[in-house]
Amino acid sequence: MSEKVLMKGNEAIAEAAILAGCRHYFGYPITPQTEVAAYMSKKMPKIGGTFLQAESEIAAINMVYGVASTGKRAMTSSSSPGISLKTEGISYLAGADLPALIVNVQRGGPGLGGIQPSQSDYFLATRGPGHGDFHVLVFAPSSVQEMADLTSKAFELAEKYRMPAMLLADGTMGQMMEPVVLPEPVETVAEKPWAVTGTKGEREHNIINSLYLKPAELEQTNLDRFARYKLIEENEPMWEEFMMEDAEVCVVSTGITARVSRNAIVEARKQGIKVGMIRPITLWPFPKKPLVEAADKVKSFIAVELNMGQMKEDIELAIRCKKDVALCSRVGGMIPSPDEVLEAIKTTAGKEA
Amino acid sequence: MEVKRLTLFAGHYGSGKTNIAINYAVWLKSQGLPVTIADLDIVNPYFRVQDSEKLLRETGIPLIVSEYAGTNLDAPAMPKEAYGLVTDPEMYGVIDVGGDDRGALALGRYVPDILEENDYEMLLVANKARPLTRTVADTIQVMREIEEACGLPFTGLINNSNLGPDTTVQDVLDSVQYIEDLSRATGLPVKMTCVRKDLAPQLAEQIDAVFPIDLQKLYYMMEE
C-alpha cells in the first residue's frame, strides 16, 4: 500500500477518506474542489459505497447528518460559497454531537467571488461555521501528503470528540499535484454506543437531536461540549516549526503561503536575516503554545495569508499583543511571490534593527 | 518520431498533457517548423498552457486559448482561433486536449476536419503513477471513454509515468512493462517516453525515443 502515487490534492482527500472507511459521500460541484466529487463518483460504485450528487449543498450536508447519525463515516466537500450554504447543517451536526468531515477548498470571496485560491474562510471555519456556540476541528494542509494524512486525522478526531471536522485547504492545495504515500486502510471503526442503528428490542433507543425543550438541559449540553473543547485545546493542537531556533522574526503561515514563505525564509537566511516560521496545522485548536513561547524570543511576527489578516488576529490573541504582528497578504485569488514575502521579512527585520 | 501537421495530446487528467504539449511545441519550433499551440482544456480553469505564456512568447510560439482562461469566469468557452489552426495547412499545430472524456468532448467539433485532412497524431498520455490509470485495463477504459467522447481514434501512446520531482530512473524503467503491455493490448505504437530533463541522458541508453521535458508547474517545494 505504501507505494508512491502522483495525485491532485483533491483526489488525495477522496482516496484518503475511502481508506479511512468513509463509504458515504454527498456533494455538489463547485470549482476548485470538483475533483473530490469526480473521484468519488468513479470510485465509490466500485467498492460498494455511496456517491450522491445532491440537489444542493444544503441537501448534501443534511444527508451527511443522516449517515453520521448511524455512526458511519460520512463526508461532503465544497468551496467557499457552498460552505456558507452548509453552515446550518454544520450547526445541527455540532448540536447533535455528530462526527463528520466537511472539506472546504477555498476560493476568493465574498459573494460569488472568484475561483482562484484564497484562505478567506479562516474566520468562518475557526469561529464555528453556523449559529450557536460551537467549534469544529479545523485542519490546514500544506502539501498533497497532508491533504491525505489530515483527512484520516480529521475522521479520527471527529469521532473521538463527537464533533464535525473541517479540512480547510486553499484552492492551490486542491489543484496541485505531488507524489503521495497513501495512509493504511482503516479496517474497523470504533463502536458507537450512541448511534441510531436499530435496537433489535435489546436496548433503549438512541436519540440524535439538537432540540432541547428545557433551557437548563440545553445549557448543560453546551457546558459539556465546552469541557470537551478545553481538552481538545490542551491535547490536539498541531504545528510545524522551521528555522525557529535562533529566529528574531517569526513568520506564521499555512497552506500555499507557508510554502511560498519557506522559500522566502531560505533566501532571507542567505542574506543574514534570522527568520523562522511556525506553521499551524490545526487552526482550531489554534497552536497557541509555540506562539506564546516564540513571543518571548522573537522581536516580531509576520502573518502571511490569503485574506485581509484573519489569522493575524488569532496570533495577536495568542501572544496577547506582546509583540507586533505585521501582515503580508494577497487576496481575490492572487498569491504573494517569494520576493514579496522576502520584502515583508526585510521590512520587519529592518524596523527592529 | 515522424512529425504530423497536427499533434493532439489527450488522456486521463493530471497525466501531464499540458507539460508535454508545451515541451513538444518548443521542440517543433527548434526544428525550424512554424508551430502554434492551442489549449482546448475548457474543463479545468486552473493550471493551463497559459501559465507558460512567458516561455511561449520568448520562443515565438503563438498560444490559442479561451479568452476566459486564468480569469474568474468558469465558462467553458472555446477559443475562436482554434478552428483556424485546424484548417491551416501551412501551420503545425500542437493541441492540448482537456482531461478524460469530459475534457475531450469539446474536441469533437474539429474532428471531421482533422479526419478529412488525415495528417495528425492523436496521442494518449499515460502515467502509471496516477491512481486511476495504474493498470492497463483501467487505462484502456479511460482511452475508450475519450475516443467515444470526441470521435477521434488514438494513433499512438506516450509513456509519461512519473512522480513529478520525485521521479527516479528506476521509476521510469519500472513503467516500461506497463506501456508495452498497453501497446500490445491496443495495437498502438509507443511514440515516446517523456522524462524529466536531468534523467534523460541515463535513460536514453536503455529506452527508445526518450523525450526530455522541463516541468512547467512548480508549487514552491516544501523540501529543499
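The numbers attached to residues start from 1 for each chain and follow its sequence in the written order. Both sets of labels track the order of writing: A upward for chains, 1 upward for ligands. Local features in a predicted model are, by the rule used here, given only for residues with pLDDT of at least 70; side-chain atom pairs are given and counted only at 80 or more, and totals for whole chains, interfaces and linings are based on all residues. With hydrogens and water stripped out, all remaining heavy atoms of the structure feed into the side-chain values.

Quick notes on the overall build of chain B
As a reminder, the rule being used: Only runs of H or I of at least four residues qualify as helices and only runs of E of at least two qualify as strands under DSSP, and these elements are numbered from the N terminus. Values of the radius of gyration come from C-alpha atoms, whereas the globule rule sets the reference at 2.2 Å times the count of residues to the power 0.38. Relative accessibility thresholds used throughout: buried, under 20% of the residue-type maximum; exposed, over 50%; partly exposed, between the two (1.4 Å probe, protein chains only). Note on areas: these come from Shrake-Rupley sampling with a 1.4 Å probe, and a residue is covered only by the protein chains present in the view. Think of it this way: Lys and Arg go in the positive column, Asp and Glu in the negative one, and His and the chain ends go nowhere. For this purpose, a charge sits on NZ of Lys, CZ of Arg, CG of Asp or CD of Glu.
Helices and strands together make up the secondary structure of chain B, namely nine helices and eight strands. The C-alpha radius of gyration computed for chain B amounts to 16 Å, which stays within 12% of the reference 17 Å derived for 224 residues, consistent with globular compactness. Summarising its shape, the C-alpha atoms of chain B cover approximately 45 × 40 × 35 Å along the three principal directions. A buried classification covers 53% of the 224 residues belonging to chain B. In the form shown here, chain B has an accessible surface area of approximately 9600 Å², with 51% of it arising from carbon and sulfur atoms. Seen as two clouds, the 19 positive and the 34 negative side-chain charges of chain B have centres 1 Å apart.

Observations regarding the overall build of chain A
Just so we agree on the cut-off: For this analysis, residues touch if any pair of their heavy atoms sits within 4.5 Å.
Scanning chain A from N- to C-terminus turns up 12 helices and 14 strands. Against the globule reference of 20 Å for 353 residues, chain A gives a C-alpha radius of gyration of 21 Å, in line with a compact fold. Principal-axis analysis of the C-alpha atoms places the extent of chain A at approximately 75 × 50 × 40 Å. The buried share of chain A, taken over its 353 residues, is 58%. Taking the intrachain contacts of chain A between residues at least 6 apart in sequence as the baseline, contacts between residues at least 24 apart amount to 79%. Of the roughly 14100 Å² that chain A leaves accessible, carbon and sulfur atoms contribute 53%. Of note, chain A has its 38 positive side-chain charges centred 1 Å away from the centre of its 44 negative side-chain charges.

Re the state of the cysteines
To keep things clear, this is the line we draw: We call a pair of cysteine sulfur atoms a disulfide when they lie within 2.5 Å.
Evaluation of the coordinates by the stated rule reveals zero disulfides over all chains. C328 of chain A provides the cysteine sulfur closest to C250 of chain A, a residue in no disulfide bond, and the two sulfurs are 14 Å apart.

Quick look at the domain arrangement of chain A
All names here are of chain A. Stated precisely, the cut-off is as follows: Where each domain begins and ends is defined by an automated method or by a domain database. Once two parts are brought into contact, the accessible area they lose, counted with a 1.4 Å probe and summed over both, makes up the buried area. For salt bridges, the criterion is a side-chain nitrogen of Lys or Arg within 4 Å of an Asp or Glu carboxyl oxygen. Under this definition, polar contacts are N or O atom pairs within 3.5 Å; protein pairs additionally need one hydrogen-donor-capable and one acceptor-capable atom, and for neighbouring residues in sequence, both atoms have to be side-chain atoms. Side-chain classes follow a simple rule in which Ala, Val, Leu, Ile, Met, Phe, Trp, Tyr, Cys and Pro form the nonpolar group, Asp, Glu, Lys and Arg form the charged group, and the remainder, Gly included, forms the polar group.
If you check the domain split of chain A, you get domain 1 (4–199 + 222–235) and domain 2 (239–352). The C-alpha centroid of domain 2 is placed 27 Å from the C-alpha centroid of domain 1. At the junction of the two partners, domain 1 supplies 31 residues and domain 2 supplies 25 residues. Summed over both sides, the interface of domain 1 with domain 2 buries roughly 2300 Å², with 55% coming from carbon and sulfur. Where domain 1 packs against domain 2, one counts four salt bridges. Between the two partners, domain 1 and domain 2, sit 18 residue pairs in polar contact (both at pLDDT 80 or more). Broken down by secondary-structure element, the contributors of at least two residues to the side of domain 1 that touches domain 2 are α5 (122–126), β6 (137–139), α6 (144–161), β7 (164–170), α7 (171–175) and α8 (215–235). Grouping the constituent residues of the side of domain 1 that touches domain 2 by class yields 16 nonpolar, nine polar and six charged.

Remarks on the interface of chain B and chain A
Across the boundary between the two partners, chain B contributes 30 residues, which contact 38 residues of chain A. Both faces combined, the contact of chain B with chain A buries some 3000 Å², and carbon together with sulfur accounts for 57% of it. The interface formed by chain B and chain A includes three salt bridges. R130 of chain B is paired through a salt bridge with E11 of chain A; the nearest N and O atoms lie 2.6 Å apart. Counting across the interface, chain B meets chain A through six residue pairs in polar contact (both at pLDDT 80 or more). Along the lines of polarity and charge, the residues of the side of chain B that touches chain A split into 12 nonpolar, 10 polar and eight charged.

Some words on the environment of G272 of chain A
Residue and element names in this part refer to chain A. As for its placement among the helices and strands, G272 is situated in the loop between α9 (255–270) and β11 (275–280). A relative accessible area of 59% means that G272 is categorised as exposed. For the pair G272 and E316, spaced 44 residues apart in sequence, the C-alpha to C-alpha distance is 27 Å.

Quick word on the sheet that holds strand β3 (residues 63–64) of chain B
Residues and elements named next belong to chain B. Applicable threshold: At least two DSSP bridges between two strands are required for those strands to pair. For every element, the axis is a line fit to its C-alpha atoms; helices are fit only across the contacting stretch, and the angle between N-to-C directions ranges from 0 to 180 degrees.
Spatial strand order, β3-β2-β4-β1-β5-β6-β7-β8: eight strands in an open sheet with parallel pairing. The outermost strands of the open sheet, each flanked by one partner alone, are β3 and β8 (210–213). Note: strand β2 (residues 35–39) against strand β4 (residues 92–96), five bridges, orientation parallel. From the neighbouring strand, T36 faces β4, where its bridge partner is G93. Sheet strands in contact with helix α1 (residues 17–30) are β1 (6–11), β2, β4, β5 (120–126), β6 (156–159), β7 (190–196) and β8, and its direction is about 170° off that of β4. Along the sheet, helix α8 (residues 176–186) contacts β5, β6 and β7; its crossing angle with β6, the most-contacted strand, is approximately 170°.

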